[in-house]
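Coordinates in review
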Amino acid sequence: MTQQRWIIHADMDAFYASVEQRDHPEYRGKPVIVGGKSNRGVVAAASYEARQYGVHSAMPIMEAKRRCPQGIYVVPQISKYAEISAQIVHIFADFSPRIETLALDEAFLDVTGMELLYEDVMHIARQIKNRVYAELGLIVSVGVAANKFLAKLASAYRKPDGLVIIRPGEELDFLAPLPVSRLWGVGEATEKKLRLLQVDSVGKLRQIDPYTLERTLGKHAIELYNLAWGRDERPVIPDREAKSIGNEDTFETDIEQPDEIRTKLLALAERVGWRVRKEGLAGKTITLKVRFSSFRTNIFLPI
């Protein structure tokens, strides 16, 4: 008999903003936007109070201030968030040796077989939530399912402070009413093509012949079809090797003088070099990202 596979996706709720609210009691219950006070930056995180005003991550700070002028704007402290993230992962390690971190605020845990040490796999999820809150004063939403795709959907289903399990046999009913945009890889262009097939939900996608789907979407269609049926065989990969190391700065005013640009580039290069040496790594390709005052971003590959 094949052992039941169990994957947990743990996702911190509004992580950066929640850390600031934890550390500053006067911020609690108020809209907190992490991303700096400069109009030139973007929102790194927004508290749930700020989201009620339509503020979300990756939004230009200028737009966030237009929507929520009464918000509390905080400069990010990435080193602090990284330290807290390491403490969170340390808690996760008490529940599984197989942890795949996706960012500072989320991770997958393969807890297959670990449920034998507890009353149920749901008990593991509750213990994770309780430990993170008791030890760090932060809230994590947790999803439990047989694979990574379903677990990630489950963790987002009842945010904030969510706890959702999708048990074997419940997958298709859970997926059916969800919009197709919830499937990995479905962006605006793919969603428009699916609407031409009168497909707006995952359940309707399952009714489409796979070959018809492939003619419409190309080779990506089979992957989407499998996700619509709740199939995802990807393993949890612990200790994933970093693919890139970088640093960036947002300036209060445009810099245009060549000497000033060179000085800023040198400072950024020094920071990247320090991080590369610290990790004992070496790089092959150097990229340069430039964001203009219009928020247009260009990526250059210096020769």
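The structure contained in this document is the topic of the report that follows.

The rules we used
- Residues numbered from 1 in each chain as written.
- Predicted model: local features only at pLDDT ≥ 70, side-chain atom pairs only at ≥ 80, totals over all residues.
- Heavy atoms only, no water.
- Helix = DSSP H or I, 4+ residues; strand = E, 2+ residues; numbered from the N terminus.
- Buried < 20%, exposed > 50% of the residue type's maximum accessible area, 1.4 Å probe, protein only.
- Contact = heavy atoms within 4.5 Å.
- Areas by Shrake-Rupley, 256 points an atom, 1.4 Å probe, with all protein chains shown as cover.
- Phe/Tyr/Trp six-rings, centres within 6.5 Å; stacked < 30°, edge-to-face > 60°.
- Lys NZ or Arg CZ within 6 Å of the ring centre and 35° of its normal.
- Core = buried A, V, L, I, M, F, W, Y, C linked by side-chain atoms within 4.5 Å.
- Polar contact = N/O pair within 3.5 Å; in protein donor to acceptor, adjacent residues only side chain to side chain.
- Pairing = 2+ DSSP bridges.
- Axes fitted to C-alpha atoms, helices over the stretch in contact; angles between N-to-C directions.

Things to note about the overall build of the protein
Within the protein, the regular secondary structure consists of twelve helices and ten strands. Going through the 303 residues of the protein one by one, you find that 38% of them count as buried. In the protein, once contacts between residues fewer than 6 apart in sequence are set aside, the share between residues at least 24 apart is 57%. Surface summary for the protein: the accessible area is close to 17800 Å², and the carbon and sulfur share equals 52%.

Structural notes on the packing of aromatic side chains
In the structure shown here, the tally under the stated rule is seven aromatic pairs. With 4.8 Å between their ring centres and 50° between their planes, Tyr157 and Phe174 make a pair best called tilted. Within this pair, whereas Tyr157 is found in helix H6 (residues 148–157), its partner Phe174 is found in helix H7 (residues 171–175), the two being separated by 17 residues in sequence. Following the ring pairs from residue to residue traces out a cluster consisting of Phe15, Tyr16 and Tyr81. Lys65 extends its terminal NZ or CZ atom over the ring of Tyr73, reaching a point 5.5 Å from the ring centre.

Concerning the nonpolar core
Ile8, Phe15, Val34, Phe92, Leu138, Val142 and Val144 are the most contacted members of the largest nonpolar core, which has 38 residues in total. Broken down by element, the residue count for this core peaks at seven residues, all from helix H5 (residues 121–136). Core analysis: the second largest hydrophobic core is formed by 29 residues, Val180, Val202, Ala221 and Leu224 among them.

A short note on the environment of Lys30
Looking at the element boundaries, Lys30 is found in the loop between helix H1 (15–23) and strand E2 (32–34). In this structure Lys30 comes out as partly exposed when scored by relative accessible area, which is 41%. Once residues lying within four places of it in the same chain are set aside, the contact partners of Lys30 are Gln21, Ser47, Glu49 and Ile72. Of the polar contacts made by the side chain of Lys30, one reaches the backbone oxygen of Glu26; its length is 3.4 Å.

Looking at the sheet that holds strand E3 (residues 45–46)
One open sheet accounts for three strands, arranged E3-E2-E4; its pairing is mixed. Of all the strands in the sheet, just E3 and strand E4 (72–74) have a single pairing partner and so form its edges. Inspection of the sheet shows E2 paired to E3 by two bridges, in the antiparallel sense. Each residue of the ladder has a partner; that of Ile33, found in E3, is Ala46. Its contacts with the sheet place H1 against E2, E3 and E4, and it is angled at close to 120° to E2.

Here we look at the sheet that holds strand E1 (residues 7–12)
Strand order in the open sheet formed by five strands is E5-E6-E1-E7-E8, and the pairing between neighbours is mixed. In this open sheet, the two edge strands, each paired with only one partner strand, are strand E5 (99–103) and strand E8 (163–165). Across this sheet, the average inter-strand angle for adjacent strands is 15°, counted without regard to direction. The pairing of E1 with strand E6 (residues 106–110) spans five bridges and is antiparallel. Across the sheet, residue Ala10 finds its bridge partner in E6, namely Ala107. Seen against the sheet, H5 touches E1, E6, strand E7 (140–145) and E8 and runs at an angle of roughly 165° to E7.

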